[in-house]
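Breakdown of the fold
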Amino acid sequence: RHMMPVKRLSLTDFVAKIPRGAREKTLRQALEKDEIMKKWSETAWAKKLKAKEVRANMTDFERFKLMVARRKRSAEVKGVMKKAKK
C-alpha cells in the first residue's frame, strides 16, 4: 500500500465490493470471487501491455526471427497486391 497521484490512476469498468480499509487478503478474495483479474486479462489494454512486455524481453535471436518473418510476410503481401493490380 502506498500513495499514488490521482493523475496516474486509470479507472476501469471492473468493480469489486469491498469494505473501507480492507486488508490485502480481503481484496484478493473479492477479486477472485468476481473473477476481476480474468476479465482484465481478456481486455485489449491488458493484451497490449502483455505484448509490450514480451517484446521488451525478447532475445537478440528472437528479434532477428521476428525481422525475418516480417520481411517474408511483406514480400508475400507485395506479391499478392502486384497480382491483384494487373
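Data block above holds the structure.
Below, the structure is looked at part by part. (Residues numbered from 1 in each chain as written. Predicted model: local features only at pLDDT ≥ 70, side-chain atom pairs only at ≥ 80, totals over all residues. Heavy atoms only, no water.)

Description of the environment of A46
By secondary structure assignment, the location of A46 is in helix α3 (residues 44–56). When the C-alpha positions of A46 and V15 are compared, they lie 16 Å apart, and in sequence the two are 31 residues distant. Those residues in contact with A46 that lie beyond four places of it in its chain are W40 and S41. (Helix = DSSP H or I, 4+ residues; strand = E, 2+ residues; numbered from the N terminus. Contact = heavy atoms within 4.5 Å.)

Observations regarding the packing of aromatic side chains
With the rule as written, the count across this model stands at two aromatic pairs. Considering the side-chain rings of W40 and W45, the 5.1 Å spacing of their centres and the 70° angle between planes classify their relative orientation as edge-to-face. Seen from their ring centres, F61 and F64 are 6.4 Å apart, and the 20° between their planes marks the pair as stacked. With F61 and F64 both in helix α4 (residues 60–85) and three residues apart, the pair spans about one turn of that helix. (Phe/Tyr/Trp six-rings, centres within 6.5 Å; stacked < 30°, edge-to-face > 60°.)

Some remarks on unusual backbone geometry
One non-glycine residue, E35, lies in the positive phi region at around 55°. Inspection of the secondary structure puts E35 in the loop between α1 (24–33) and α2 (36–41). The exposure class assigned to E35 is partly exposed, which follows from its relative accessible area of 45%. (Buried < 20%, exposed > 50% of the residue type's maximum accessible area, 1.4 Å probe, protein only.)

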